[in-house]
Amino acid sequence: MDTFLVRGMKALDHLAGLYEAVCVALLAGMLVINAVNIVCRGIFDISLNWVWPWTMVAFLYWVMLAFFPLVQRRKDVSIYILLQYLSPALRQALGIFVALAIMTASGLLIYTFPERFASLRGQIEIVGLPRKILIWPLGASAAPIFLSTLIDAVRIALGARYEPFGVIETPEVAE
């Protein structure tokens, strides 16, 4: 069972790397088209009206797709200082509680995805794409977050140590 969980987490790590690469490409694309727009406005006095809507679509994808790598790489925020005052059993219980909370939130997004998808109608102005494309990155992040957190919950329940998000190692300073 533990081998299956480790392999699952490694697969999700690779997926998080892919998401990070997509996010970097989206950010680079946004920067390039906005730089071109600025140059066109400054030199040729021509505004590229399509830049803003495409930037907003790319930004939406960038933000939503970045959720999964942030969770997977444990770069989120937590109140880890309190953990030092908890017994190992309470830490494990807290770990399972946090996992259940994350699974509940991402599970609700997955569960309501069809309803949200059905509610999006029409086209994105200027871009000309259907509004339905705006919901896909939400599902693309919620599903792997749910799986990753499920694996964490099972590992914690089987006795693995709970490692919270945002733990910052502070070096001791000699006085």
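This section reports on the structure supplied with the text. (Residues numbered from 1 in each chain as written. Predicted model: local features only at pLDDT ≥ 70, side-chain atom pairs only at ≥ 80, totals over all residues. Heavy atoms only, no water.)

**Observations concerning the overall build of the protein**
Here comes step 1: A tally of helices and strands in the protein yields 4 helices and 0 strands.
Here comes step 2: When its helices and strands are written in sequence order, the protein yields α-α-α-α.
Here comes step 3: Within the protein, buried positions represent 29% of all 175 residues.
Here comes step 4: Pairs at least 24 residues apart make up 75% of the contacts formed inside the protein by residues separated by at least 6 positions. (Helix = DSSP H or I, 4+ residues; strand = E, 2+ residues; numbered from the N terminus. Buried < 20%, exposed > 50% of the residue type's maximum accessible area, 1.4 Å probe, protein only. Contact = heavy atoms within 4.5 Å.)

**Brief notes about the environment of Leu48**
Here comes step 1: Along the chain, Leu48 turns up in the loop between α1 (2-44) and α2 (51-72).
Here comes step 2: Taking relative accessible area as the criterion, Leu48 reaches 19% and is therefore assigned buried.
Here comes step 3: Residues Leu48 and Asn37 lie 11 residues apart in sequence; the distance between their C-alpha atoms is 5.7 Å.
Here comes step 4: Beyond its immediate stretch of four places on either side in the chain, Leu48 contacts Val36, Asn37 and Cys40.

**As for the packing of aromatic side chains**
Here comes step 1: Under the counting rule described, the total for this entry stands at 5 aromatic pairs.
Here comes step 2: When the centroid spacing of 5.1 Å and the interplanar angle of 55 degrees are considered together, the rings of Phe113 and Trp136 count as tilted. Within this pair, whereas Phe113 is found in helix α3 (residues 88-119), its partner Trp136 is found in helix α4 (residues 136-157), the two being separated by 23 residues in sequence.
Here comes step 3: An aromatic cluster of at least three residues, connected via ring pairs, comprises Phe113, Phe117 and Trp136. (Phe/Tyr/Trp six-rings, centres within 6.5 Å; stacked < 30°, edge-to-face > 60°.)

**Here's the deal with the nonpolar core**
Here comes step 1: Judged by nonpolar contacts, Leu5, Met9, Leu12, Ala16, Tyr19, Cys23, Leu65, Ala66, Phe68, Val71, Ile145 and Ile151 together constitute the single largest core of 12 residues.
Here comes step 2: Of all the elements in the fold, those that place two or more residues in this core are α1, α2 and α4.
Here comes step 3: Considering every element that reaches this core, the biggest residue donor is α1, with 6 residues.
Here comes step 4: Apart from residues no more than four positions distant in its own chain, Tyr19 is found in contact with Leu65, Phe68, Pro69, Ala140, Ser141 and Pro144.
Here comes step 5: Val57, Val127, Ile133 and Leu134 belong to the second-largest nonpolar core, a separate cluster that totals 5 residues. (Core = buried A, V, L, I, M, F, W, Y, C linked by side-chain atoms within 4.5 Å.)

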